[in-house]
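Residue-level structural notes
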Amino acid sequence: MGLFLSTFVNKVDRKGRVSVPASFRATLSQQPFQGVIAYRSFTASCAEGCGMDFMERLSDSAQNFDAFSPEQEDISALIFADARQLAWDPEGRILLPEDLIEHAGLNETAAFVGKGQTFQIWQPEAYKAMEAEIRARALKNRPTLPLKPKAGDGK
């Protein structure tokens, strides 16, 4: 699985079409579905984006909840019922659904924000504000990240 890295700001046309960054398309090109899976974030005013492989992993994880439990029902509604398969056109654009545009507050531009195995689509100024908050929090809290050993490393 490739990774979604960096941040790109692209224009959104009047029809709601936006170019998916070339490096993001390259990461998704090995997927059976040639496009983006997107859904409204339930933690921020943005859209969440990923490939079908990540959605399959989320689905597998959702099976850890008791069948028909409130948690399982909530996750199903928030992610799977809201997710859209957005195929790209020959120019590498996707058509953003109106409710996703409204939720993320998109207008003339959209910021594609790489987050490793997933990405987000933000209104660029809103992302700048969020990024400033994240950086201030990181400066104060100095987070750490344990690194997993490489496969076959034996550590």
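Heads up: these notes are all about the structure in this document.

Conventions and cut-offs
- Each chain has its residues counted from 1, following the order in which its sequence is written.
- Only residues with pLDDT of 70 or above have their local features reported here, since the model is predicted, and side-chain atom pairs are shown and tallied only from 80 upward, although totals for entire chains, interfaces and linings are computed over all residues.
- Working from all heavy atoms in the structure, the side-chain values ignore hydrogens and water.
- Here a helix means four or more residues in a row that DSSP labels H or I, a strand means two or more in a row labelled E, and each is numbered from the N terminus.
- Whether two residues touch is decided by their heavy atoms; if any such pair falls within 4.5 Å, the residues are in contact.
- Exposure categories follow from relative accessible area, calculated using a 1.4 Å probe and restricted to protein chains: below 20% of the type maximum is buried, above 50% is exposed, and the middle band is partly exposed.
- Following DSSP output, two strands are said to pair if at least two bridges run between them.
- By convention in these notes, a salt bridge is any Lys or Arg side-chain nitrogen within 4 Å of a carboxyl oxygen on Asp or Glu.
- Polar contacts, as used here, are pairs of N or O atoms within 3.5 Å; protein pairs need one atom able to donate a hydrogen and one able to accept it. Residues neighboring in sequence count only if both atoms are side-chain atoms.

What follows covers the side chain of Gln31. With respect to the helices and strands, Gln31 occurs in the loop between helix H1 (22-28) and strand S3 (35-40). In this structure Gln31 touches Gly51, Met52 and Asp53, once residues within four positions along its chain are discounted.

Moving on, we get to the pairing of S3. A regular strand places its side chains so that they alternate between the two faces of the sheet. The buried fraction of S3 amounts to 5 of the 6 residues, a majority that puts the element mostly inside the structure. Both S3 and strand S5 (residues 84-87) contribute to a ladder of 4 bridges, which runs antiparallel. Bridge pairing in S5 places Ile37 opposite Gln85. The pairing of S3 with strand S4 (residues 47-50) spans 4 bridges and is classified as antiparallel.

So, on to the pattern of salt bridges. In total, this model carries 9 salt bridges according to the counting rule given. A salt bridge links Arg84 to Asp82, with the shortest nitrogen-to-oxygen separation between them at 3.4 Å. Judged by its relative accessible area of 9%, Asp82 is buried. A salt bridge links Arg135 to Glu131, with the shortest nitrogen-to-oxygen separation between them at 3.5 Å. Placement of the pair is Arg135 and Glu131 together in helix H5 (residues 124-141), with a separation of 4 residues, close to one helical turn. Three or more residues are tied together by salt bridges with common partners; here these are Arg40, Asp82, Arg84 and Asp99.

What follows concerns unusual backbone geometry. Phi angles above zero are rare outside glycine, and Ser6 is one such case at about 80 degrees. Locating Ser6 in the fold gives a position in the segment before strand S1 (7-11). On the accessibility criterion, Ser6 (46% relative accessible area) is partly exposed. Residues other than glycine seldom take positive phi values, yet Arg142 does so here, at roughly 50 degrees. Along the chain, Arg142 turns up in the segment after H5.

Turning to its location among the elements, Gln120 is positioned in strand S8 (residues 119-122). For Gln120, a relative accessible area of 7% translates into the label buried. Side-chain polar atoms of Gln120 contact the side chain of Glu48, separated by 3.0 Å. The contacts of Gln120, once residues within four sequence positions are left out, are Cys46, Ala47, Glu48, Ala111, Phe112, Val113 and Lys115.

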